[in-house]
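Here are the chains, one letter per residue:
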Amino acid sequence: MNVDIGNALSAVAAPGISRAALERLDEQVADAHERIDAGMEAGEHGYAALNLPNRTDTDEIQVAVDRVTGPDTSAVLTVGIGGSALGAATITDALNDADDPEAIYLDNVDPDWLSATLDRLDLETTVLNVVSRSGTTAETLANFLVVRETFEEAGVDWTERTIVTTGDGGPLRELAERHNLPSLAVPDGVPGRFSALSAVGLVAAAVCGHDLDALLRGAAAEAETLTGSLFECPAYAYGAVTYALDARGASTNAMMPYAESLETYAEWFAQLWAESLGKDDLGQTPVRALGVTDQHSQLQLYRAGPRDKLVTFVTVQETAARPIPDTDVDDLSYLGDASLGDLLDAEFEATEASLAAAGRPNVRVEIDRVDEFELGGLLYGMEVACVLAGELYGVNTFEQPAVEWAKKATRGLLGGGEFAEAEAVAEKTELR
Ligand code: PA5
């Protein structure tokens, strides 16, 4: 990926960062890089995720997937939540076309939505992909039990079409072993939201026939850019500039890809940024937007509202050629000389320029096209940016105590164990 930070400089934008401040920040980046490099080298928790491009065994994933797929596979139903779903969903939503098995994700436990999703599936030809690092997440296990029962009621042998990815020792691992299901491990030291380039994110992509090695090659190419300077490494430039802008008042980061296929990527980014950096009263609030759609809604606020935002554009250099048909209506003739891709580009350029003209900071992230290689680079690059930002903030990027608090409280309220968090909820409820 390429990153253009020109519109985040104080010569253009407020808040913005000056050249001198950028030079000073680069010294902090060099120190942070040493820490990241050492963490990667030692395979430390969290930092180990940045080794995935050279560590993930795609043959092992493919062998496991081949046990549950066949030429008639029509869909892959992933049951998982948060980091155990969003990476996979980002990849399949970006890469799937009409000929691929449909990739569906069950993360929420909304019963109406779940029933409607299951009702429209041909279970005989659906692969069930259950993913939970801990193997204890209530939403995932509950949805899995409901889906399993649905298969049984339809007379379909779920054990022949279920693949499990989980950590060691949890109830999901036990279940996989009891039923001799093909199962894959969540690699050690890799937190959920950093696991897109492991089996967690790649099983659904493999069922859909995507090139896992190309995804990893793209990520590995991005890893090659990790020098100790933001002036040489696009991912560090992005992480450092977002951190600096947040410190100067841009407390919201609107991620706005100009590609419908990257809408889920914005969701993945929002989780990565929020769950990794939102600690110790620090962190930048990520917002999901989509170009061009949100030009007709959120853009008004971004250009003329409070000066507390950074807009991050993701642009795709090569898009499909789809000419706009000619018409004999004079006022529309300008469209007939263009393609939809030209229109998309013009919309992006106009939006970027309009923000810059209003002095609003924005950063452009460019990828060549939406394919496995480029997507692998984008996911990896944003993970690196996030890890760097975490170092600069001085937070523990790889823990998520607030998320764990709610998980324990939920389990406790349902009688799944004794948790102080559940007691705290009960006390608050009594006070009402
Ligand atoms: O990034 C994280 O750690 C979380 O978003 C988890 O991925 C999410 O809570 C699901 O956890 P698990 O994979 O243990 O079911």
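Each residue is numbered by its place in its chain's sequence as written, counting from 1. Whole-chain, interface and lining totals are the exception, using all residues; otherwise, since this is a predicted model, local features are given only for residues with pLDDT of at least 70 and side-chain atom pairs are given and counted only at 80 or more. Here the side-chain values reflect all heavy atoms present in the structure, with hydrogen atoms and water set aside.

Axis lines are fitted through C-alpha atoms, for helices just across the contact stretch, and the angle between N-to-C directions can take any value from 0 to 180 degrees. A run of H or I in DSSP counts as a helix once it spans at least four residues, and a run of E counts as a strand once it spans at least two, with each numbered from the N terminus. At their nearest, the axes of helix α8 (residues 212-223) and helix α14 (residues 372-393) sit 6 Å apart, and the two run at 50° to each other. One element, α8, and the other, α14, form an angle in the oblique class. Handedness of the crossing formed by α8 with α14: right-handed. Seen from α8, the contacting residues are A214, L215, R217, G218, A219, A221, E222 and A223; seen from α14, they are E372, F373, L375, G376, G377, Y380 and G381. The residue makeup of the contact of α8 with α14, split by class, is 8 nonpolar, 4 polar and 3 charged. We call two directions roughly parallel when the angle between them is under 35 degrees, roughly antiparallel when it is over 145, roughly perpendicular when it lies between 65 and 115, and oblique otherwise. Here is the rule for handedness: rotate from the far helix to the near one, and if that takes an anticlockwise turn smaller than a right angle the crossing is left-handed, while a clockwise turn gives right-handed. We call two residues in contact when some of their heavy atoms are within 4.5 Å. Any residue outside Ala, Val, Leu, Ile, Met, Phe, Trp, Tyr, Cys, Pro, Asp, Glu, Lys and Arg is labelled polar, Gly included; the first ten of those are nonpolar and the last four are charged.

A cluster of nonpolar side chains, V329, L332 and Y334, forms an exposed patch at the surface whose accessible area comes to about 300 Å². Looking at the secondary structure, you find L332 in the loop between β9 (309-316) and α12 (333-336). Each patch is built from salt-bridge-free residues with over 30% relative accessible area, joining like charges within 9 Å and nonpolar side chains (Val, Leu, Ile, Met, Phe, Trp, Tyr) within 5 Å. Each accessible area value is a Shrake-Rupley result obtained with a 1.4 Å probe; residue values ignore everything except the protein chains displayed when judging cover. In the sections that follow, a salt bridge refers to a side-chain nitrogen of Lys or Arg positioned within 4 Å of a carboxyl oxygen of Asp or Glu.

A cutoff of 4 Å decides nearness: a residue is near a molecule or strand if any of its heavy atoms lies inside that distance of it. In the neighbourhood of the ligand, 14 residues make up the surrounding shell, with S84, S132, S134, T137 and Q271 lying closest. Within 3.5 Å is the distance limit for a polar contact, defined as a pair of N or O atoms, with the added protein rule that one can donate a hydrogen and the other accept it, and that residues adjacent in sequence qualify only through two side-chain atoms. Contacts to the ligand include K407, whose side-chain N or O atom sits 2.9 Å from an oxygen atom. Notes on the ligand: free accessible area 380 Å², of which the protein chains cover 92%. Buriedness for pockets is judged along seven lines, at least five of which must meet protein on both sides within 12 Å for an open set on the 1 Å grid over protein atoms alone, while cavities are sets there where a 1.4 Å probe fits but cannot get out, and lining residues have an atom within 4 Å of a point. In this scheme, a molecule is assigned to a cavity or pocket if more than half of its atoms are within 2 Å of the grid points. Among the detected pockets, the ligand sits in the largest pocket. Split into classes, the residues belonging to the shell around the ligand amount to 1 nonpolar, 9 polar and 4 charged.

All right, on to the layout of surface pockets then. Grid points are joined across faces, edges and corners, and a volume is the space filled by probe spheres set on the points. By volume, the largest pocket is sized at about 860 Å³. Forming the boundary of the largest pocket are 34 residues, of which I81, G82, E275, V403 and K407 lie nearest the centre. Sorting elements by how many residues they give to the lining of the largest pocket places helix α15 (residues 401-413) first, with 7 residues. Of the residues that constitute the lining of the largest pocket, the class distribution is 10 nonpolar, 13 polar and 11 charged. Space inside the second largest pocket adds up to approximately 290 Å³. A per-element tally of the lining of the second largest pocket places helix α13 (residues 340-357) first, with 3 residues. Split into classes, the residues belonging to the lining of the second largest pocket amount to 9 nonpolar, 5 polar and 3 charged.

With that out of the way, let us pick up the state of the cysteines. Only a pair of cysteine sulfur atoms within 2.5 Å qualifies as a disulfide here. For the coordinates displayed, the defined rule picks out 0 disulfides. The thiol of C233 is not disulfide-bonded; the next cysteine sulfur, from C386, is found 14 Å away. Given a relative accessible area of 1%, C233 falls into the buried group. Type-normalised accessible area, obtained with a 1.4 Å probe on protein chains alone, sets the label of each residue: buried when under 20%, exposed when over 50%, and partly exposed for intermediate values.

Okay, the pattern of salt bridges next. Inspection of the entire model under this criterion finds 9 salt bridges. K309 serves as the salt-bridge partner of D308, at 2.5 Å between the closest nitrogen and oxygen. Of the charged contacts, one joins E318 and R369 as a salt bridge, the two residues approaching to 3.0 Å between their closest N and O atoms. With E318 in the loop between β9 and α12 and R369 in the loop between β10 (362-367) and α14, this residue pair connects regions lying 51 residues apart in the sequence.

Turning our eyes to something else, we now look at a negative patch on the surface. A residue counts as positive if it is Lys or Arg and as negative if it is Asp or Glu; His and the chain ends are not included. Lysine's charge is taken at NZ, arginine's at CZ, aspartate's at CG and glutamate's at CD. A surface patch of like charges, here negative, comprises E23, E27, D31, E34, D37 and E41. You can see D37 is positioned in helix α1 (residues 19-42). Residue D37 is classed as partly exposed on the basis of its relative accessible area of 40%.

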